[in-house]
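# Structural overview
One letter stands for each residue in the lines below.
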Amino acid sequence: MSTATPLDPARPKHEAGSRRRRARTVLASTVSVLALAGCGLMEPVDTSAIKAAEVDPDARVIRFAHPYEPTHPVETCGVATLTEELADDGIHVESYPSAQIGSEAETTEQVATGGLELAVVGPSFLGVWHKDAEVLDGAFIFTDVDEFDEATTGPILAELYDEVAEETGLRVTSTWYYGTRHMTSNQPINTPEDLRGLKIRTPDAPLYLTNFAIMGGNATPMALSEAYLGLQQGAIDAQENPIPTIAAQNFQEVQEYINLTAHSVQGIHIVASEQFVTEALDEDERAGFEAALEEARVATRDCIVAQEEETLAEWEEDEAIVINDEVDVEAFQELIAEELPSQVPWGDLYLEIQESVQ
């Protein structure tokens, strides 16, 4: 299997080359760890020394629930770092990966009612509680990880998180990089026209339907656990996810192409109840908690960026899947820019966030 999509003979060579360079620029921005180093809050964390912390029987327990596999960087880098950092403060993080105690919707409810201390909540799911919070799942709101980091640690989103807490009692304590979403398929996807008629598996959130309708595709909500079989049996034609998730789910076994669309530089929120943060933790504990979350945020980002780069390199070497870097990303971006802000209630906020990081 070739690891590069042949040039379309009907397309001028200079045009195809230009598009290839644009796609590679997006990829380079996504996977560059070095570009993120030395930026204060964004300084990389060495996770190689992370080890299982000894549990003090008298330690205070904080339960952390998320939907990802135990091998996912959210667990191996984020939760592991958080656990190690809080151990010295007499706090033990008890992790529940793989949706052991409920879906994102269910664990969000548990946090809100005080039955759980921490949970991962995606922007679209948090948007159920406060509509503007789904803004980070708007397609192409960011073009790279630098922009994502700047916005999610900046004043505009800090104000939004305060509004969420005031309205819902849910406090976004940190926002972690989840990965840059790309599309896999059995035919190359280079332009919006290539999406016509394709059934693309997405999470079951209305915003995904809006994003893909604008980009030209037919979004088909489906549980992630069902997507492999759906692709294998032809119930769906394509799917979109960050590279670590694609690898974890082995979608490269049932898809011919990974198309580097970079349509979403995505994050996840680490959510607690406002009452837990402000009342259950004293001032010193809260300071330690916030510092540990920051270390975990950076560790998760660095792990995922590295995994994105390493996985693509492995796929290219093994010829496991065709890496299509000839996507006309700008064509998709233009469609979103023209239509998305007017189709969502948070269109002005979307544009404000974009402008703040460009």
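The shown structure was predicted, so the numbers you read here are calculated from the model rather than taken from an experiment.

### Description of the layout of surface pockets
- Reported here for the largest pocket is a volume of approximately 760 Å³.
- Broken down by secondary-structure element, the contributors of at least two residues to the lining of the largest pocket are α4 (123-126), β4 (170-185), α8 (224-233), α9 (243-248) and β8 (257-273).
- Across the lining of the largest pocket, the residue classes tally to 16 nonpolar, twelve polar and six charged.
- What the second largest pocket holds in volume is close to 320 Å³.
- Taken together, 16 residues line the second largest pocket, and the ones lying closest to its centre are T152, Y161, V172, T173 and S174.
- Broken down by secondary-structure element, the contributors of at least two residues to the lining of the second largest pocket are α6 (155-168), β4 and α11 (283-318).
- Ranked by the residues each element gives to the lining of the second largest pocket, the list is headed by β4, at five residues.
- Residue composition of the lining of the second largest pocket, grouped by class: five nonpolar, six polar and five charged.

### Some details on empty space enclosed by the protein
- Tallied over the full model, the rule gives one cavity of 30 Å³ or more.
- It is helix α7 (residues 206-215) that provides the largest number of residues to the lining of the largest cavity, a total of four residues.
- Of the residues in the lining of the largest cavity, the class split is four nonpolar, four polar and three charged.

### Some words on the pairing of β8
- Where burial is concerned, most of β8 is hidden: 17 out of the 17 residues are buried.
- Bridge count between β4 and β8: 13 bridges; the pairing is antiparallel. Counterpart to M183 in the pairing with β8 is N259.
- In this sheet, strand β9 (residues 322-324) lies alongside β8 in parallel orientation, the contact comprising three bridges. Bridge pairing links N259 to N324 in β9.

### Quick word on the pairing of β4
- Within β4, 15 of the 16 residues are buried, which leaves it mostly tucked inside the rest of the structure.
- Examined bridge by bridge, β4 and strand β7 (residues 238-242) share four bridges and lie antiparallel to one another. If you follow R181 over to β7, its bridge partner there is P242.

### Describing the packing of aromatic side chains
- Overall, the coordinates contain six aromatic pairs when judged by the stated rule.
- Taken together, a centroid distance of 5.9 Å and an interplanar angle of 90 degrees make the contact between F142 and F148 edge-to-face.
- Residue F148 is classed as buried on the basis of its relative accessible area of 0%.
- Look at F276 and F289: their rings are 6.0 Å apart centre to centre, the planes differ by 85 degrees, and that puts the pair in the edge-to-face class. Pair noted here: F276 is in helix α10 (residues 274-280) and F289 is in helix α11, with a separation of 13 residues, a long-range link. No difference in accessibility class separates F276 from F289, as the two residues are buried.
- Put simply, the rings of F142, F148 and Y177 touch in pairs and so form one group of aromatic residues.

### So, the nonpolar core
- Counting 50 residues, the largest nonpolar core has V135 and F142 as the members making the most contacts within it.
- Per-element tally for this core: the top contributor is helix α12 (residues 329-343), with five residues.
- Apart from residues lying up to four places away in sequence, V135 is in contact with I141, L160, W346, L349, Y350 and I353.
- If you look at the next biggest cluster of nonpolar residues, it comprises 23 residues, including F64, Y178, V277 and L293.

### A word on α11
- Taking 1.5 Å of rise per residue, 36 residues should cover 52 Å, and α11 covers 52 Å from first to last C-alpha, within 8% of that figure.
- Where α11 begins, the capping side chain belongs to D282, and its oxygen is found 3.1 Å from the backbone nitrogen of D284.

### A look at the side chain of T168
- Of note, T168 is situated in helix α6.
- Overall, the relative accessible area of 19% leaves T168 in the buried class.
- Looking at T168, its side chain comes within polar contact range of the main-chain oxygen of V164, at 2.6 Å.
- Polar side-chain contacts of T168 include one of 3.0 Å to the backbone nitrogen of L170.

### Brief notes about helix α5 (residues 145-152)
- With six of eight residues buried, α5 is to be regarded as a mostly interior element.
- Of all the residues in α5, the buried ones are V145, E147, F148, D149, A151 and T152.

### A look at the confidence of the model for the protein chain
- The predicted model of the protein chain averages 87 in pLDDT, with 85% of residues at 70 or higher.
- Note on residues 1-53: pLDDT is under 50 here. Beyond four places in sequence and across chains, it has 99 contacts.

### Quick word on the packing of helix α2 (residues 73-87) against α11
- The interhelical angle for the contact between α2 and α11, taken along N-to-C directions, is 155 degrees, at an axis separation of 8 Å. Considering the angle they form, α2 stands roughly antiparallel to α11. With respect to the hand of their crossing, α2 and α11 are arranged in right-handed fashion. Contact residues: P73, V74, C77, G78, T81, L82, E85 and L86 in α2; G288, F289, A292, L293, E295, A296, A299, T300, C303, I304 and Q307 in α11.
- When grouped by side-chain class, the residues that make up the contact of α2 with α11 number twelve nonpolar, five polar and two charged.

Conventions and cut-offs
Residues numbered from 1 in each chain as written. Predicted model: local features only at pLDDT ≥ 70, side-chain atom pairs only at ≥ 80, totals over all residues. Heavy atoms only, no water. 1 Å grid on protein atoms, 1.4 Å probe; cavity = no way out; pocket = protein on both sides within 12 Å on 5 of 7 lines; lining within 4 Å. Points joined across faces, edges and corners; volume = space filled by probe spheres on them. Helix = DSSP H or I, 4+ residues; strand = E, 2+ residues; numbered from the N terminus. Nonpolar A, V, L, I, M, F, W, Y, C, P; charged D, E, K, R; others polar. Buried < 20%, exposed > 50% of the residue type's maximum accessible area, 1.4 Å probe, protein only. Pairing = 2+ DSSP bridges. Phe/Tyr/Trp six-rings, centres within 6.5 Å; stacked < 30°, edge-to-face > 60°. Core = buried A, V, L, I, M, F, W, Y, C linked by side-chain atoms within 4.5 Å. Contact = heavy atoms within 4.5 Å. Expected span 1.5 Å × (residues − 1). Polar contact = N/O pair within 3.5 Å; in protein donor to acceptor, adjacent residues only side chain to side chain. pLDDT = per-residue confidence, 0-100. Axes fitted to C-alpha atoms, helices over the stretch in contact; angles between N-to-C directions. Parallel < 35°, antiparallel > 145°, perpendicular 65-115°, else oblique. Left-handed = near helix turned anticlockwise from the far one by under 90°.

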